[in-house]
Amino acid sequence: MKEKKKKTASEKFVSALYFIVFALIGAAMGGVVIFFEEKIFGEDPTAMQSFKFLLGSFVLMLISFIPHVIVHEAGHLVGGLLSGYKFVSFRIFGLMLIKTEEKICFKSLSLAGTGGQCLMSPPEMKDGKFPVFLYNLGGSLMNLIFSIALVVIAVIVKDYAIASCVLIILSLLGFAFALTNGIPINSGLVANDGYNALKLSRNKPALRSLFIQMKMNEMLAYGKGLDEMPEEWFEIPSDEEMKNVIIAALGVFGCNYLMLKGEFEKADSTIEHLLSIENGIAGVHKNLMLCDRIYLRLIADDTETATRLYDEDLKKFIKSMKNFPQVIRTNYVIALLLEKDNVKAEEYVKQMQKIEKNYPYPKDLKMEKDLMEIAKNRRLAGEKT
């Protein structure tokens with residue numbers, strides 16, 4: 001049975017801060033609903049009127065998340081352009097607009113735990129630095145500006161109670177977005193936009209790490225593979241550096257590079273080590289590294305370790321990322337080498353083919369397909385012996 005990791009003091013602070021912010025916003029929304037219910041229906045609304053108004057308000061709160069995600073990512077885009085960045089991609093939920101070497105086109109990509117993402121390529125570094133403030137804080141600033149504008153419009157149309165109510169609810173969620181992304185927070189696992197904007201310029205190794213990651217995204221969008229990028233980008237950071245949430249990403253990409261090069265034993269031992277030490281690896285990356293370990297253990301005929309790693313938490317993650325190439329490859333090798341189900345494995349081959357047309361990074365996809373082929377060959381070799 002897996003022992004649950006205790007929260008650090010900073011993680012507890014983050015949880016408490018988020019709870020306070022959303023509790024205040026929730027209380028404000030409740031007050032808005034009560035105020036406008038009386039304004040629309042009078043002081044004594046019927047039970048059905050109250051129910052419909054409450055339900056409508058709740059649905060509005062849920063769907064108002066969408067425009068604020070768009071506004072937030074647009075803020076990053078504007079902040080980046082003002083700082084001399086170049087556009088790479090703009091994603092809202094699963095729909096991505098990406099710039100390749102030839103054109104700008106639509107692709108599809110979903111990442112668990114993210115509503116959107118604006119990726120850009122920064123200007124070249126000077127004296128080990130490049131501008132990060134506007135790019136990082138642009139999303140929160142845009143949410144704040146948008147929310148203030150909504151309040152102003154709500155005041156202008158105050159005689160139209162329903163419209164005013166909608167605008168106020170939208171604005172309150174926008175303020176929540178601005179606060180939770182803009183107040184500098186680093187829990188060790190989560191570094192938000194405010195933290196990046198405040199701290200990156202003072203930490204040259206972290207700044208270099210962010211620069212490399214952004215340049216990687218640009219090259220991937222241009223159809224380049226990891227093996228076509230500078231080798232020094234994939235050096236595994238020291239154990240001390242791995243505690244930094246921004247630098248830790250380089251450790252993840254270093255393991256991906258070892259997988260690409262076919263250095264499977266080294267990749268396996270490196271992943272095992274990085275996950276065993278105190279680290280700042282993001283949750284999505286941790287789970288994907290576990291997926292890689294399952295692959296590596298299975299092609300090494302170690303079903304015992306693979307079965308242990310394939311626990312309920314990872315199964316939930318895999319389900320949430322079922323159309324991500326690395327996850328499809330993991331499902332394939334589990335079906336092929338752990339469950340010994342060739343029919344099921346073939347379904348994952350078809351699934352990989354299905355996403356190929358709209359997946360934004362062709363070389364990443366080729367790597368996953370090559371790893372699937374290696375697993376298949378290991379299975380065939382095992383059947384002959």
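Residues numbered from 1 in each chain as written. Predicted model: local features only at pLDDT ≥ 70, side-chain atom pairs only at ≥ 80, totals over all residues. Heavy atoms only, no water.

Peer 1: Could you clarify how one ought to interpret the packing of aromatic side chains in this entry?
Peer 2: The description of two aromatic rings rests on the distance between their centres and on the angle between their planes. Under the counting rule described, the total for this entry stands at ten aromatic pairs. When the centroid spacing of 4.9 Å and the interplanar angle of 20° are considered together, the rings of Tyr85 and Tyr135 count as stacked. Here Tyr85 is found in the loop between α3 (65-82) and β1 (86-92), whereas its partner Tyr135 is found in helix α4 (residues 133-156), with 50 residues between them in sequence. When the centroid spacing of 4.4 Å and the interplanar angle of 5° are considered together, the rings of Phe234 and Tyr257 count as stacked. Of the two residues, Phe234 sits in the loop between α7 (204-221) and α8 (248-260) while Tyr257 sits in helix α8, which places them 23 residues apart along the sequence. Feature note: the residues Tyr85, Phe130, Tyr135 and Phe211 constitute an aromatic cluster, connected by ring pairs. Sitting above the plane of the Tyr310 ring, Lys315 keeps its charged end 5.0 Å from the centroid. The ring centre of Tyr295 lies 5.0 Å from the NZ or CZ of Arg329, which sits over that ring. (Phe/Tyr/Trp six-rings, centres within 6.5 Å; stacked < 30°, edge-to-face > 60°. Helix = DSSP H or I, 4+ residues; strand = E, 2+ residues; numbered from the N terminus. Lys NZ or Arg CZ within 6 Å of the ring centre and 35° of its normal.)

Peer 1: How should the packing of helix α9 (residues 264-276) against helix α10 (residues 283-299) be read in this particular structure?
Peer 2: Axis angle and axis distance: for two packed helices, these are the angle between their axes and the distance between the axes, and together they describe the pair. Orientation of α9 relative to α10, taken along the N-to-C sense of each, is 140°, at an axis distance of 10 Å. Judged by the angle between their axes, α9 and α10 are oblique. Taken as a pair, α9 and α10 cross one another with a handedness that is left-handed. When α9 is examined against α10, the residues Phe264, Ala267, Asp268, Ile271, Glu272, Leu274 and Leu275 are found in contact with a partner set consisting of Lys286, Met289, Leu290, Asp292, Arg293, Leu296, Arg297 and Ile299. A per-class count over the contact of α9 with α10 returns nine nonpolar, no polar and six charged. (Axes fitted to C-alpha atoms, helices over the stretch in contact; angles between N-to-C directions. Parallel < 35°, antiparallel > 145°, perpendicular 65-115°, else oblique. Left-handed = near helix turned anticlockwise from the far one by under 90°. Contact = heavy atoms within 4.5 Å. Nonpolar A, V, L, I, M, F, W, Y, C, P; charged D, E, K, R; others polar.)

Peer 1: Hey, could you run me through the side chain of Ser171 in this one?
Peer 2: Within the secondary structure, Ser171 sits in helix α5 (residues 161-182). Once residues within four sequence positions are removed from consideration, Ser171 is found in contact with Ser147, Leu150 and Val151.

Peer 1: Before we go on, may I ask you to explain the pattern of salt bridges in this structure?
Peer 2: Opposite charge on two side chains permits pairing when their charged atoms draw close. As enumerated under the stated definition, the model contains 16 salt bridges in all. Glu312 is the partner of Lys315 in a salt bridge, and the nearest nitrogen-oxygen pair spans 3.5 Å. Highlighted residues: Lys315 and Glu312, both in helix α12 (residues 312-320), separated by three residues, approximately one helical turn. Residue classification places Glu312 among the exposed residues on the basis of a relative accessible area of 52%. Here Glu356 ties to Lys369 by a salt bridge, and the two come within 3.2 Å at their closest N and O atoms. Residue Glu356 is located in the loop between α14 (342-355) and α15 (362-384), and its partner Lys369 is located in helix α15; the two are separated by 13 residues in the primary sequence. For Glu356, a relative accessible area of 37% gives the class partly exposed. Linked through salt bridges whose partners overlap, the residues forming this network are Asp268, Glu272, Arg293, Arg297 and Asp302. (Salt bridge = Lys/Arg side-chain N within 4 Å of Asp/Glu carboxyl O. Buried < 20%, exposed > 50% of the residue type's maximum accessible area, 1.4 Å probe, protein only.)

Peer 1: How do you make sense of the side chain of Ser209 when you look at a structure like this?
Peer 2: The topology assignment puts Ser209 in helix α7. Judged by relative accessible area, which is 0%, Ser209 ranks as buried. A distance of 2.9 Å separates polar atoms of two side chains, one belonging to Ser209 and the other to Gln213. Leave out the neighbours within four places in its chain, and Ser209 touches Ile246, Ile247 and Leu250. (Polar contact = N/O pair within 3.5 Å; in protein donor to acceptor, adjacent residues only side chain to side chain.)

Peer 1: Before we go on, may I ask you to explain α14 in this structure?
Peer 2: Residues spaced three or four apart along an α-helix point in a common direction, a consequence of the helix completing one turn every 3.6 residues. Taking 1.5 Å of rise per residue, 14 residues should cover 20 Å, and α14 covers 20 Å from first to last C-alpha, within 8% of that figure. Taken together, the buried positions of α14 are occupied by Ala345, Tyr348, Val349, Gln351, Met352 and Ile355. Looking straight down α14, one finds that the buried residues subtend no more than 160° of arc, so they occupy a single side. For α14, the exposed residues lying more than 90 degrees away from the buried face are Val343 and Lys354. With a side-chain oxygen positioned 3.3 Å from the backbone nitrogen of Val343, the residue opening α14 is Asp341. (Expected span 1.5 Å × (residues − 1). Arc of directions from axis to C-beta.)

On their own, these measurements won't tell you what the molecule is for.
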